[in-house]
Amino acid sequence: MNRSRRIAVWIHASRLPALEAACQFIDELPTDMECLVVPAARQQIHARVPDARLADITSSSLPSAEVVVVFGGDGTILRAAVRALECDIPVLGVNLGHVGFLAELEMSQMPELVHHVVTGDFVLERRMTIEMELFTDDPETPAWKSVAINEVSLEKAARTKMIDCFVSIDGLPVSRWACDGILVSTPTGSSAYAFSAGGPVMWPQLEAYQVVPLAAHALFARAMVLAPDSYVQLDLLPPVDGVVCCDGLRNKSVPGGSRLMIRRHPHDMVVARLYEQPFTSRLVKKFALPIEGWRNQG
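Residues numbered from 1 in each chain as written. Predicted model: local features only at pLDDT ≥ 70, side-chain atom pairs only at ≥ 80, totals over all residues. Heavy atoms only, no water.

**Remarks on the sheet that holds strand β9 (residues 144-148)**
- One open sheet holds the 6 strands; their spatial order is β9-β8-β19-β16-β11-β12, and the pairing between them is antiparallel. Each edge of the sheet is formed by a strand with only one pairing partner; in this case those strands are β9 and β12 (172-179). Strand-to-strand twist in this sheet, taken as the mean axis angle between neighbours without regard to direction, amounts to 20°. (Pairing = 2+ DSSP bridges. Helix = DSSP H or I, 4+ residues; strand = E, 2+ residues; numbered from the N terminus. Axes fitted to C-alpha atoms, helices over the stretch in contact; angles between N-to-C directions.)

Shown next, in the form of structure tokens:
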């Protein structure tokens, strides 16, 4: 007896456009496909598509999925990507947000999406990710760990005071910065927070990552691009406390005197695309770059 095929469908359960788009997608799939869905949305999906075969996304069910189809903006895609990361499952995003840099297609392309999911016809793109360990009281045992698809940020906890941070790379000291914060960004995140902070845009296939100081009171405060096997150590000097945040989604208070260790995560994010699409084209499209320049605008 052949085992039924499984597709994971990830949405933000409280977003009505995402719910409606997911239901349209599920309704158009063949009946032999089982859809894993976020538990918070299962009843709502069942009410709209009563004949669909549904099950909850769990740590035990997710590894059996062929692909994770995400309906939402980059934040929703990032949440799904973290869960799919260690299962090595490709993630395919349908943009319902604003910029949608991680998304592969728009809602108008729904018929194409269904066809490619059914046939399993994808172009897979691997992207490096990073992991962070926070050490507070015990220098040997991390108080908190997290993975990041876009970036890890160490920032000041209070608006009135800068943090004082000592930065080391590969165990060697680089600089001590009084600043608003420090970002450690992947190539995927280089077009997000790091870009806004003045870091370079890095093509996502590049195996490297960058350190970007935020508003540092220093003569040398430039973004630095590191080799993929390098590691970054951030020592938050007392007495000012900070906060560490991964992808803008998961955060933890950082007492003064703590240490962050950041390095490449052993698992890459796998992005599913319907067609080969150069990053150059996505960059121009998403940022609406005037390829003939600004001189004749208006």
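**Thoughts on the packing of aromatic side chains**
- Scanning the entire structure with this criterion turns up 4 aromatic pairs.
- Here Phe25 and Phe71 contribute two aromatic rings whose centre-to-centre distance is 5.7 Å and whose plane-to-plane angle is 55°, an arrangement assigned as tilted. Here Phe25, found in helix α1 (residues 16-27), pairs with Phe71, found in strand β4 (residues 68-72); they are 46 residues apart in sequence, far enough to count as distant. Take Phe25 and Phe71: they sit in the same class, and that class is buried.
- With a centroid separation of 5.1 Å and an interplanar angle of 25°, the aromatic rings of Phe195 and Phe287 are classed as stacked. Of the two residues, Phe195 is situated in helix α5 (residues 193-196) and Phe287 in the segment after α6 (279-286); the sequence distance between them amounts to 92 residues.
- Stacked on the ring of Tyr231, the Lys or Arg Arg263 has its end atom at 5.1 Å from the ring centre. (Phe/Tyr/Trp six-rings, centres within 6.5 Å; stacked < 30°, edge-to-face > 60°. Buried < 20%, exposed > 50% of the residue type's maximum accessible area, 1.4 Å probe, protein only. Lys NZ or Arg CZ within 6 Å of the ring centre and 35° of its normal.)

**Some points on the nonpolar core**
- Judged by nonpolar contacts, the single largest core of 55 residues is most densely connected at Phe25, Ile26, Val68, Val69, Phe71 and Leu113.
- The biggest single contributor to this core is α1, with 7 residues.
- If near-sequence neighbours (up to four positions away) are discounted, Val69 is found in contact with Ile7, Ala8, Val9, Trp10, Phe25, Leu92, Val94, Leu113 and Val117.
- Counting 30 residues, the second largest nonpolar core, distinct from the first, contains Ala148, Ile169, Tyr209 and Val240. (Core = buried A, V, L, I, M, F, W, Y, C linked by side-chain atoms within 4.5 Å. Contact = heavy atoms within 4.5 Å.)

**Focus on the sheet that holds strand β18 (residues 250-254)**
- With respect to topology, 6 strands assemble into an open sheet ordered β15-β14-β13-β10-β17-β18, the strand pairing being antiparallel. With one partner strand each, in any of the chains shown, β15 (224-226) and β18 form the two edges of the open sheet. Taking each pair of neighbouring strands and ignoring which way they run, the sheet shows an average axis angle of 15°.
- Bridging between strand β14 (residues 209-214) and β15 involves 3 bridges; their strand directions are antiparallel. Across the sheet, the residue bridging to Tyr209 is Leu226, located in β15.

**Focus: unusual backbone geometry**
- The amide bond that connects Pro238 to the next residue, Pro239, takes the cis arrangement and shows omega of 10°.
- The phi dihedral of Asp88 falls on the positive side, at around 60°, and the residue is not glycine.
- If you trace the backbone, Asp88 turns up in the loop between α3 (74-85) and β5 (91-95).
- Judged by relative accessible area, Asp88 falls into the partly exposed class, the value being 40%.
- The phi dihedral of Ala288 is positive, around 50°, even though this residue is not glycine.
- Here Ala288 lies in the segment after α6.

**Quick notes on α6**
- When we look at burial in α6, the residues that qualify are Phe279, Arg282, Leu283 and Lys286. Take α6 and look down its axis: the buried residues cluster within an arc of 100°, on one side only.
- Of the surrounding secondary structure, the elements contacted by the buried residues of α6 are β5, β6 (105-106), β7 (123-127) and β20 (269-273).
- Immediately beyond the C-terminal end of α6, within one or two residues, lies Ala288, with a positive phi of roughly 50°. (Arc of directions from axis to C-beta.)

**As for the pattern of salt bridges**
- Within this structure, the stated rule accounts for 15 salt bridges.
- The salt bridge partner of Glu133 is Lys145, with a shortest N-O separation of 3.8 Å. Of the two residues, Glu133 is situated in strand β8 (residues 130-135) and Lys145 in strand β9; the sequence distance between them amounts to 12 residues.
- Its relative accessible area of 54% is what places Lys145 among the exposed residues.
- Ionic pairing is found between Asp247 and Arg250, a salt bridge with its closest N-O pair at 3.2 Å.
- For Asp247, a relative accessible area of 7% corresponds to the buried category.
- With a relative accessible area of 22%, Arg250 lands in the partly exposed category.
- When salt bridges with common partners are traced through the structure, they connect Asp88, Arg126, Glu207, Arg264 and Asp268 into a single cluster. (Salt bridge = Lys/Arg side-chain N within 4 Å of Asp/Glu carboxyl O.)

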